[in-house]
Each structure stands twice: as structure tokens, then as C-alpha cells.
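# Observations on chain architecture
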Amino acid sequence: MNQEIRDIFDRVAPVYDQLNNWLSLGQHSIWKEMTVKWSAAQPGNTCLDLCCGSGDLAFRLARRVGTRGRVYGVDFSPKLLAVAQARAQSHYPQPAISWLEADALDLPFDANYFDAATMGYGLRNVMDIPRSLAELHRVLKPGAKAAILDFHRPRNQQMRAFQQWYLSSIVVPLAQQLGLKKEYAYISPSLDRFPTGEEQVGLARQVGFTWVTHYPIANDMMGVLVVSK
């Protein structure tokens, strides 16, 4: 686990949702709904939301699985988990979510445990992407699906230039106003390192997923990797 990255997420926790809204041009709610739909979570299922942050995907999963289901929201940032737990208090009825501090590279669950899983903006930040995918594969039941949402570098040069301008000219100055310039300056290099959709498909197949596809969305600035064990 990278302490530096965990510290970054602890520091951005109070404004994490606000900054996600800016980063996504206000569209992240739509993309998260698509991600939950692609996870194929059903009423009564036991589901995992990995790198759950402040809980957006976990709350959506909880609505899908209903009172007979269970959702585990897992993150390595205790402060983001505290935000998620505080948000859960405002939900009525209380969602069936267990919040857990854990490392995506070493999950505290038995093999073949989950019926479905989601991951939002987490794969780009783990220290070992293949190992994270392998852990996800391990804890899913045979036939279960996971949907993984994240930002990407677009292949189209004009869209790439627009994304870089938006990050540099809009997001980082907004973060600077909140005293978080350094924390959000890391996004651009993290995008440069992140595997393309095609590369993610290859990595998922290597760890044993039998069905894998990648959906580019938002002019290829975002993508959802959907995998099935």
C-alpha cells in the first residue's frame, strides 16, 4: 500500500465529491449508474465496492440489492470511509453497507464470495494493477461480473489536448483554491501511467477473467472495464 497516495486521499476527503463533480464535467452520476448496471448486481446479492471513496457506488449497489442483499464498501483511506459512513446516516432506510478499511491488493475476504463488484477511480491509483485485478478475480464467484470505472487519456489528440487543458486550467486551480493543488496535480501523471482500455482487457484476461470488454465513454476520456469470472 502506498502511504503517500493514501495520505492524498485522506486530505481530499472533505471535498472529494465536489472535485469529482468538477473532474467529470458534472457527469459522474450518469457514469456511476452505468457502472452499477454493468456489474449485473441483483436483489439479494452480496456485492463489493472496491476503493469506495465516499460511497457513491456503494449506495447505488445497496439500492439494487435491497434489504435482502449486502454491500461491502472497501477503501484504504480512513477519512474517506468516515465521510461515507456519515453520508450513510442521512439515508433512510439505512443502506445494508459494511464499511471496511483494507488494501485492494490484499482483500480480507474468502475466495468466491461476491455476486458482483464495482470499482470507481481506484484501479488507476493502486500500486500493482495486475495484482489488484487478480484479487478481484479471487473474491468473485464463478460467473460473477465486476465493472471498473476510471478516467483515461483519450487516443484522439484533440480530445487529449482538451483533457489536459481542462485539468491544468480548471481542475488544478479549483483545487488550489481549496488548498489541494499538490493533491490534484498528481492526476495528470497518473493518467499517463494508466494502461489503455485494450491493455486493461489484456491484463484482466491474464489473471483469469473469462469474458472481458472495455467501454470507452465521454469521448474516450473515461472508460468502464467489465469483466466476468
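The following paragraphs examine the structure supplied in this document. (Residues numbered from 1 in each chain as written. Predicted model: local features only at pLDDT ≥ 70, side-chain atom pairs only at ≥ 80, totals over all residues. Heavy atoms only, no water.)

This next bit is on the side chain of Gln200. Following the sequence through the fold, Gln200 ends up in helix H10 (residues 197-206). Note on Gln200: relative accessible area 2%, which makes it buried. Separated by 3.0 Å, the side chain of Gln200 and the backbone oxygen of Pro195 make a polar contact. Excluding residues within four positions of it along the chain, Gln200 makes contact with Leu123, His152, Phe194, Pro195, His214 and Leu225. (Helix = DSSP H or I, 4+ residues; strand = E, 2+ residues; numbered from the N terminus. Buried < 20%, exposed > 50% of the residue type's maximum accessible area, 1.4 Å probe, protein only. Polar contact = N/O pair within 3.5 Å; in protein donor to acceptor, adjacent residues only side chain to side chain. Contact = heavy atoms within 4.5 Å.)

A full pass over the atoms with the stated rule returns 11 aromatic pairs. Between Tyr72 and Tyr113, the ring centres sit 6.1 Å apart and the planes meet at 65°, which makes this aromatic pair edge-to-face. You can see Tyr72 sitting in strand E2 (residues 70-75) and its partner Tyr113 sitting in the loop between strand E3 (97-101) and strand E4 (114-120), a full 41 residues away along the chain. The partly exposed category is assigned to Tyr113, whose relative accessible area is 32%. Residues Phe109 and Phe114 carry aromatic rings whose centres are separated by 4.8 Å and whose planes lie at 80° to one another, so their mutual orientation is edge-to-face. Considered together, Phe109 and Phe114 belong to a single accessibility category, that of buried residues. (Phe/Tyr/Trp six-rings, centres within 6.5 Å; stacked < 30°, edge-to-face > 60°.)

Glancing now at H10. In an α-helix, one turn spans 3.6 residues; hence positions three or four apart end up facing the same way. The set of residues buried in H10 consists of Gly197, Gln200, Val201, Leu203 and Ala204. Down the axis of H10, the buried side of the element spans an arc of 165°, and every buried residue falls inside it. Those residues of H10 that are exposed and aimed more than 90 degrees away from the buried face are Glu198 and Gln206. Contact partners of the buried residues in H10: helix H6 (129-139), strand E6 (211-217) and strand E7 (222-228). Of the residues flanking the end of H10, it is Gly208, one or two places downstream, whose phi is positive at about 115°. (Arc of directions from axis to C-beta.)

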